[in-house]
Amino acid sequence: MFPSKVRLLRSKHTLASRLVLGIETSCDDTGAAVMDGTGTILGESLHSQKEVHLRSGGIIPTVAQELHRANIQRVVQEALQRSGVAPAELAAVAATVKPGLALSLGVGLRFSQAFVRQHNKPFIPVHHMEAHALTVRMLHAVSFPFLVLLVSGGHALLAVARGVDDFLLLGRTLDEAPGDTLDKVARRLSLRKHPRCSTLSGGEAIELLAKDGDRRRFGFRTPMGQTPDCCFSFAGLRNQITMAIQKQEEEEGVQEGTLLSSVNDIAAAAQHTVAMHLAKRTHRAALFCRTNRLLPPDEPTLVLSGGVASNQYIRKVLTIIAERTGLRLLCPPARFCTDNGVMIAWNGVERLREGRGVLAPDVDVSYEPK
């Protein structure tokens, strides 16, 4: 992932003493955590921008950037203070450098590089999706290789994790991500006006209302039914849902921005179709892995992670797919599925342990939004 000519650093400390500070600013959460080499979380802090972006109807990159700038020093200091670890005791600092919002990534990278140069500590650039994929190894004894489905507001991908920095990509989203689709559907339904949803994100609102809805009332087609690969596409599905909403508005004689009487049913149908699309592509990936012997014969594992993995309906559908294909499904707790400093620190621990991508503090690193 990183240039081979840069100066790499290795450490011979014991696991417990190899303390890593992780810093996350890829989107709209400012997170930091301190962890030892065994995966024990010594201290963490997280500042969420959720309420600000809910009021504006979506994430505005310049606003996210300013909020990261205003909070990153406090968040890092809180994580260090809660851990009882001084900067001099750290073995390395890990920070997200790709992918994400450019302005947000820039804040975290600049702060992290200034920090490691001030304290003369190794720097570990982290791939955000790699961190999501490996979080499960902090919680369970999961050996490589394993199949991983990562679903969030910005990404959807299927890969075989073969090592800490070795992933075989099987499929990815060709347009928008599932979390983005659910958020846009929620905005089109004006769910912020719903008395039960005013403080919820779009995806959370859809999941809540879907519990009381009839998913069969609206027959949305699962995307890419005739495409024999493991990629995803959600833009066409969102168009189907938008057309159904417009039709319901006409039938009810209301203008856009008015809560529909059928809102629970639309939410249930939208959530179900997103879940089925994820399930069908994951089923195809599992069969591909079995045919090509890409997973171990004993207890092959499917890992589900990323912000959308917090959705309990989607977890239930993926549980069925895992059972039918003989896979053990593992999913981190919801608080570790969303963006946080803990997963970045753990990725740093994994890389530090194997001496992969551990850079000297004076090495210049660039962020990569895509």
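Because the structure is predicted, anything quoted here is derived from the model rather than measured. (Residues numbered from 1 in each chain as written. Predicted model: local features only at pLDDT ≥ 70, side-chain atom pairs only at ≥ 80, totals over all residues. Heavy atoms only, no water.)

Turning to the sheet that holds strand β2 (residues 29-35), a few remarks are in order. Read across the sheet, five strands follow the order β3-β2-β1-β4-β5 without closing on themselves; strand pairing throughout is mixed. Two strands lie at the open edges of the sheet, namely β3 (41-48) and β5 (123-127), each paired on one side alone. Adjacent strand axes in the sheet meet at a mean angle of 15°, parallel and antiparallel pairs treated alike. Relative to β2, strand β1 (residues 19-24) runs antiparallel, the two sharing five bridges. Along β2, the bridge assignment pairs valine 20 with methionine 35. Across the sheet, helix α3 (residues 102-119) touches β1, β4 (90-98) and β5, and the angle it forms with β4 is around 160°. Here helix α11 (residues 341-354) sits on the sheet in contact with β1, β2, β3, β4 and β5, set at roughly 135° to β1. (Pairing = 2+ DSSP bridges. Helix = DSSP H or I, 4+ residues; strand = E, 2+ residues; numbered from the N terminus. Axes fitted to C-alpha atoms, helices over the stretch in contact; angles between N-to-C directions. Contact = heavy atoms within 4.5 Å.)

Attention now moves to the side chain of glutamine 65. By the element assignment, glutamine 65 lies in helix α2 (residues 61-83). Overall, glutamine 65 belongs to the buried group, its relative accessible area being 10%. With residues near it in sequence (within four places) discarded, glutamine 65 still touches Leu103, Ser104, Val107 and Arg110. (Buried < 20%, exposed > 50% of the residue type's maximum accessible area, 1.4 Å probe, protein only.)

Confidence in the prediction for the protein chain averages 93 pLDDT; 96% of positions are at 70 or higher. Scored below 50 in pLDDT, residues 1-12 makes 24 contacts in the model with residues more than four places away or belonging to other chains. (pLDDT = per-residue confidence, 0-100.)

Per the stated rule, a full pass over the model turns up 22 salt bridges. Of the charged contacts in the structure, one is a salt bridge between aspartate 212 and arginine 196, with a shortest N-O distance of 3.0 Å. One end of the pair, aspartate 212, is in the loop between α6 (202-210) and α7 (235-252); the other, arginine 196, is in the loop between α5 (178-188) and α6, with 16 residues separating them in the sequence. One network of salt bridges, in which partners are shared, links Glu176, Asp180, Lys184 and Arg238. (Salt bridge = Lys/Arg side-chain N within 4 Å of Asp/Glu carboxyl O.)

So, about the pairing of strand β6 (residues 146-151). Counting buried positions along β6 yields six of six residues, so the element is predominantly enclosed. Here β6 shows a buried face lined by Phe146, Val148 and Leu150 and a second buried face lined by Leu147, Leu149 and Val151. Sheet topology places β6 next to strand β7 (residues 156-163); six bridges connect them, and they run antiparallel. Across the sheet, the residue bridging to valine 151 is alanine 156, located in β7. Counted between consecutive antiparallel strands, the loop separating β6 from β7 contains four residues. With four bridges joining them, β6 and strand β9 (residues 301-305) adopt parallel strand pairing. Opposite leucine 150, over in β9, you have serine 305 as the bridge partner.

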